[in-house]
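This is what each chain is made of:
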Amino acid sequence: MSALIEVVEGGVSVTVQDGGRRGYRSIGVPLSGALDPAQLAAANALLGNAPSAAALEVPLGGPTLKAVSGTVRVALGGAVEGKLVGSKGSVLKVPAWHTATLFPGDTIQIGGVARGIAYVAVSGGVEVPLQLGSRSTYQRAALGGVNGRALARGDRLPCARLDGDPWLEFRNAEAPVRADGPIRVILGPQDDHFTAEALANFLGQPYRVSRDLDRMGMRLEGVALTHSALGAEIVSDGVTPGAIQVPANGQPIVLLADCQTSGGYPKIATVIRADLGRLGHLRPGAEIRFASVTHAEAVRALQAEAEALARWVGGIESFRPPGVIDEAALYGDNLISGMLRGDEPFVPAIE
Amino acid sequence: MTAHSCHSIHSRPRLLPLGDSAWTVEFGDDITPETHARVLGFAAALAAAQRDGTLDRSLECVPAFRSLTVHFDPATLDHAALAERLLAIAGDSGSRRASGATWRIPVCFDSEFAPDLEVVAASKWLTPEEVLRLMTGTEFTVYMLGFLPGFPYLGGLPEALDMPRLATPRKVVPARSIAIAGRTCAAYPWQSPGGWRLMGRTPVPLFDPARSERPALLAPGDRVFWQAIDRDTYAALEARCARGDFDPAELLAGEATA
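This is a predicted model, so every value here is computed, not measured.

## Some words on the pairing of strand 9 (residues 177-181) of chain B
Each regular strand carries side chains that alternate between the two faces of the sheet. Residues and elements named next belong to chain B. Burial analysis of strand 9 places four of its five residues in the buried class, which makes it a mostly covered element. Bridge count between strand 9 and strand 12 (residues 197-201): four bridges; the pairing is antiparallel. Pairing of Ile178 across the sheet is with Gly200, part of strand 12. In the sheet, strand 9 pairs with strand 10 (residues 184-187) via four bridges, with the strands oriented antiparallel. Bridged to Ala181 within strand 10 is Thr184. The antiparallel pairing of strand 9 with strand 10 creates a hairpin that spans two residues between the two strands, and Gly182 there sits at a positive phi of about 60°.

## Concerning the confidence of the model for chain A
Averaged over every residue, the pLDDT of chain A is 92; the share at 70 or more is 91%. Taken as a whole, residues 332-351 of chain A scores under 50 in pLDDT and shows 29 contacts with residues more than four places along the chain or in a different chain.

## Describing the interface of chain A and chain B
Counting residues at the interface gives 33 residues for chain A and 38 residues for chain B. Where the side of chain A that touches chain B is concerned, the elements lending two or more residues are strand 16 (237-238), strand 20 (267-271) and helix 4 (295-314) of chain A. The biggest single contributor to the side of chain A that touches chain B is helix 4 of chain A, with four residues. When grouped by side-chain class, the residues that make up the side of chain A that touches chain B number 14 nonpolar, 14 polar and five charged.

## Observations concerning the nonpolar core
In terms of nonpolar packing, the biggest core is built from 155 residues, with Ala55, Val58, Val74, Tyr119, Val120 and Ala121 of chain A touching the most fellow members. Non-local contacts of Val74 of chain A, meaning those with residues more than four positions away in its chain, are made with Leu65, Thr99, Ala100, Leu102, Ile108, Val120, Ala121 and Val122 of chain A.

## Some details on the confidence of the model for chain B
Residue and element names in this part refer to chain B. With 94% of its residues at a pLDDT of 70 or more, chain B shows a mean pLDDT of 92. Contacts for the low-pLDDT stretch residues 1-8, under 50 throughout, to residues beyond four places or in other chains number 18 contacts. This prediction of the complex comes with two scores: 0.90 for pTM and 0.90 for ipTM.

## Observations concerning the domain arrangement of chain B
Many authors give the size of an interface as the accessible area that is lost as the parts come together. Residue and element names in this part refer to chain B. When the domains of chain B are assigned, the result is domain 1 (7-91) and domain 2 (101-255). A separation of 29 Å is found between the C-alpha centroids of domain 1 and domain 2. Each partner contributes to the interface: domain 1 provides seven residues, whereas domain 2 provides five residues. The dominant element in the side of domain 1 that touches domain 2, judged by the number of residues it contributes, is helix 2 (residues 33-51), at three residues. Considering only residue class, the side of domain 1 that touches domain 2 consists of six nonpolar, one polar and no charged.

## Regarding unusual backbone geometry
Cis peptide bonds are those with omega within 30 degrees of zero, and the linkage from Gly188 of chain A to Pro189 of chain A qualifies with 10°. Positioned with a positive phi, Asn147 of chain A is a non-glycine residue whose angle comes to about 50°. Along the polypeptide, Asn147 of chain A turns up in the loop between strand 10 (118-122) and strand 11 (156-160). Overall, Asn147 of chain A belongs to the exposed group, with 12 C-beta atoms counted inside 10 Å. Of note in the backbone geometry, Trp125 of chain B takes a positive phi value of approximately 55° without being a glycine. In this structure Trp125 of chain B comes out as exposed when scored by C-beta crowding, with 8 C-beta atoms within 10 Å.

## Some words on the sheet that holds strand 22 (residues 290-292) of chain A
Residue and element names in this part refer to chain A. One open sheet accounts for eight strands, arranged 21-14-15-18-17-20-13-22; its pairing is mixed. Each end of this open sheet is capped by a strand with a single partner; those strands are strand 21 (287-288) and strand 22. Taken together, the three bridges between strand 15 (residues 217-221) and strand 18 (residues 253-255) define a ladder with antiparallel strand orientation. Of the residues in strand 18, the one forming a bridge with Gly217 is Leu255.

## A closer look at the pairing of strand 14 (residues 207-214) of chain A
Judged from the two bridges that link them, strand 14 of chain A and strand 21 of chain A form a sheet pairing that is antiparallel. Counterpart to Tyr207 of chain A in the pairing with strand 21 of chain A is Ile288 of chain A.

Cut-offs applied
Residues numbered from 1 in each chain as written. Chains lettered and ligands numbered in written order. Predicted model: local features only at pLDDT ≥ 70, side-chain atom pairs only at ≥ 80, totals over all residues. Buried ≥ 20, exposed ≤ 12 C-beta atoms within 10 Å, placed from the backbone. Helix = DSSP H or I, 4+ residues; strand = E, 2+ residues; numbered from the N terminus. Pairing = 2+ DSSP bridges. pLDDT = per-residue confidence, 0-100. Contact = placed C-beta atoms within 7 Å. Nonpolar A, V, L, I, M, F, W, Y, C, P; charged D, E, K, R; others polar. Core = buried A, V, L, I, M, F, W, Y, C linked by C-beta atoms within 7 Å. Domains from an automatic or database assignment.

Below, the structure is given as structure tokens:
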């Protein structure tokens, strides 16, 4: 059974993203997908979705969504809150890392993201059509998402009708715990294009995220990294999200999810997969430091991230939203009245 | 393109880490048919190993001018064992001549579509007609795709047309523009900023996600001839493509033998 969500307000640069578009990099199609796959997985876990089910990635201002047909549930994954406005005017605040159920006619206004990026997941996942195996939006080639672009007022998002108890919501009291400390990298593939001093500066000095920041990459500002005699250009070779290119001006560029598949600048290092998601949360002005690790350390970091996520998922609890009868309490404590919700018919007292 | 005996044929491939999720195997540091033939040989050997099940099918292999990058999932594959396997395959995959399809792709060279053609001609002491003859008389080889979905880098541009990129890139290069820089030719599937010199435009889409078996028109190893068409033919073909009434197979000049 399908349901439909209408975009009442599109928010700022909100796009549909999933686990990415694998298998087409040999013809120049970027990977794309969620900037922070672990956070997408956490948002999806609140709904019982698959970890990389398609959801809305919200970098700044959130969208306003209305259930048009069918009952749907949304999850707020990130430092963001929502306001659920019932079709009859009731209002319910939805905190971060909580789910909320929208009956047909209900609307949720999702506010600004306080820190980093957020994911708004939908029960069953956003079911826009797959393009080249993915629903991820890649705007430069108009692939995936809604017509290959950011959400706009009036868009319709197909999704599954909620399967389960519409009065039972889910939450986690805490945000998922992430690694802190420096961003971990593996040096190369072209670390030999840099002087020893440049390598020491790269690993020792802080860099700042500039305003040149989008889903393709972020330019950093800091001590200029001097190229060795091998120079500041290479014959273009493969790149990947996390690769750190350094053009002639010596200021690093960290590539992100929508980066192209090849590049002609030397790459001093590449961010390990476990720390890739952390990059997606950095905003202009943020300080960033790098530390070099081995492949073995990178694998352990990836395992640690997976274990932290599993622990967080284990901490998800169900709850009855305010104003909803808790049936167990009703029958157990012989409560005699209650309201399902402000906009639902009053439940008559039971004598 | 035939594989000639030269130093790069016998040099040992280098293995470079691209983070914890990819290895790049490098066969040289130049853009030449010889180095590229080794990339194609390696790509073919990897594809064969994936087909016969001796190499993990989840690997994504991305060929470039002088190297090939293999993307993998470090959570399920051991990086060191994979590295060893890749070097073993690269060690005896040898060279392979470009053996893809041969295409005759219509291009309109009218000045409206070729804003840089006259400057290129004047800079190289050629007439526009001589430039056109060089563009249409050359067999180009697709070295790699990158930059944008379906964007081909084509080798084989005659030295007489070797020009650097524009000092100031254009903010907007129209989709389907044919362009040159250095000894390389390219085609922009999408509107984009770009610094290459625009020599013409094709009415044929270079990328169509609806063709899920082969969304990019061109593949590494393909050969391409540009075929000059006039403005009316361009308009008619563009309209056919827009209607979905065009099969790219019409442009095939026949499959080459390996």
